[in-house]
Structures are given as structure tokens and as C-alpha cells.
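Listed below are the residues making up each chain.
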Amino acid sequence: MPETSALYPGSFDPITNGHVDIIERGLRVFDRIVVAVLENPKKAPLFTTKERVRMIQDIFASKKEVEVRAFDGLLVDFARARGTGVVMRGLRAISDFEYEFQMALMNRNLAPDIETFFMMPNVNYSFLSSNLVREVAALGGSVEGLVPGPVARKLRDKIKKSKKVQSS
Ligand code: PNS
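A brief report on the enclosed structure follows. Here the structure is a predicted model, which is why all the values come from computation and not from measurement. (Residues numbered from 1 in each chain as written. Predicted model: local features only at pLDDT ≥ 70, side-chain atom pairs only at ≥ 80, totals over all residues. Heavy atoms only, no water.)

A word on the site of the ligand
Here is the rule: Nearness is defined per residue: one heavy atom within 4 Å of the molecule or strand is enough. Polar contact is the term for a pair of N or O atoms within 3.5 Å; when the atoms are in protein, one must be able to donate a hydrogen and the other to accept it, and sequence-neighboring residues count only if both atoms are side-chain atoms. Note on areas: Shrake-Rupley with a 1.4 Å probe; residue coverage comes only from the protein chains shown. Of the two site types, the cavity is a set of points on a 1 Å grid over the protein atoms alone where a 1.4 Å probe fits but cannot get out, and the pocket is an open set with protein on both sides within 12 Å along at least five of seven lines, each lined by residues with an atom within 4 Å of a point. What decides whether a molecule sits in a cavity or pocket is whether more than half of its atoms lie within 2 Å of the grid points. Secondary structure follows DSSP: runs of H or I at least 4 residues long count as helices, runs of E at least 2 residues long count as strands, and numbering of each begins at the N terminus.
Surveying the vicinity of the ligand reveals 13 residues, the closest of which are Ser11, Leu75, Arg89, Met103 and Asn107. Within the side chain of Arg89, one N or O atom sits 3.0 Å away from an oxygen atom of the ligand. When isolated, the ligand has an accessible area of 550 Å², and the protein chains bury 73% of it. Structurally, the ligand is housed in the largest pocket. Listing elements by their share of the shell around the ligand, those giving two or more residues are strand S1 (5–10) and helix H4 (94–110).

What follows is the structure, encoded as C-alpha cells:
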């Protein structure tokens, strides 16, 4: 049987346990997941593209079925270049639906041969987003259980460094 694969795109600034959960669920359906890290999110990211890619690679170092790549430009162009016909996205709550629906239909309009698959993360992560993780960490709150341990450490270092720069 030919190998099945899906592209899992996002900003991952930083990757959360909700993202990790979606990737693990995706591996039950697809042979290979290509995590596609957006190079230039609209807002200036806290972590550089290289750092975001590296963190995800480290988390999945023991899983050769997970590949991590940076991309810019249109997602459908990247999917075509990779020869992947499936885009996988997570839906945490109904509130995600409108944006995801719009994006899936725009992608279908651009590339009718590419399908979007939605997966629901564990309900424990339905409140979780990278934005909130960054905010909580910046204000000194605990992000334990919300992001993988090494990501929590990198967040603390990053925030410490940016506070030092601000106060100098
Ligand atoms: O984690 P995010 O920030 O919700 O991910 C959004 C992402 C990266 C999936 C989306 O912004 C994207 O696909 N950007 C690439 C540009 C593109 O293809 N735009 C048209 C699709 S609507």
C-alpha cells in the first residue's frame, strides 16, 4: 500500500500539548505527518522559525514518521511541492470553526485536489492556545502541563532575555 501522509500547518509559537496531541492522533490515521511551520506569522513571533522547528523536532526525535519543515507562501503550494493531498488541522471548540471553515474552503478554492481533515484534541486542551501560553509565561504564571517540559524551559529563558533587553 502506498504511504499516506498529511501536512499539519501552523505557527507553533510555541508548540503546545494540544498540538502534540493532534500530531499523535494524526499518526493513528496517516503513516507520516509533516509539521509545516509558518515562517512569517502576521504577528512577530516570540520564537524564530529555526527555534520553533527545532523544538518540534526535539519533541518527536524518536518518531521518524514525524517530519518538521518551515514554509512560507501559500500552504497549498507547499502541500503540492511535498506531494501531499491532505491538510490536517485541530478544532478545539466551536469558536475555532468559522476561521477553520473559511481557511479550508479558501484552500479548496485554490487547490480542489487538497482536502482538509479536522481532528479534535483531548478535551483537556480545549482552552489551550500558543497565544495564552505566551501571555501566561510572560506574566510569570506556570505553563506546566500546557507545553512539553523543554518548551516551558525555553519560554522561561526567552522571556528572561527579553526582559533583560527591555530593562537595559
Ligand atoms: O497556527 P495558526 O497560526 O492558526 O496557523 C495558520 C496557518 C499557518 C495554517 C495559515 O495562516 C496558513 O496556512 N498560512 C499560509 C498562507 C496561506 O496559505 N494563506 C491562505 C490560506 S487561507
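Here we look at the layout of surface pockets
Quick reminder of the rule: Grid points are joined across faces, edges and corners, and a volume is the space filled by probe spheres set on the points. Only Asp, Glu, Lys and Arg are considered charged, only Ala, Val, Leu, Ile, Met, Phe, Trp, Tyr, Cys and Pro nonpolar, and every remaining residue, Gly among them, polar.
In this structure, the largest pocket encloses a volume near 1400 Å³. Residue lining of the largest pocket: 43 residues in total, with Gly10, Ser11, Arg89, Tyr99 and Met103 positioned closest to the centre. Elements represented by at least two residues in the lining of the largest pocket include exactly S1, helix H1 (17–29), strand S4 (86–90), H4 and helix H5 (130–138). At nine residues, H4 tops the list of elements feeding residues into the lining of the largest pocket. Here the lining of the largest pocket is built from residues that sort into 21 nonpolar, 14 polar and eight charged.

Structural notes on the environment of Ile56
Put simply, the rule is: Residue contacts are defined here by distance: any two heavy atoms, one from each residue, within 4.5 Å place the two residues in contact.
Within the fold, Ile56 resides in helix H2 (residues 49–59). Sequence separation between Ile56 and Val37 is 19 residues, and the spatial gap between their C-alpha atoms is 9.4 Å. For Ile56, the contacting residues outside a window of four places in its chain are Phe12, Ile15, Val35, Val37 and Val68.

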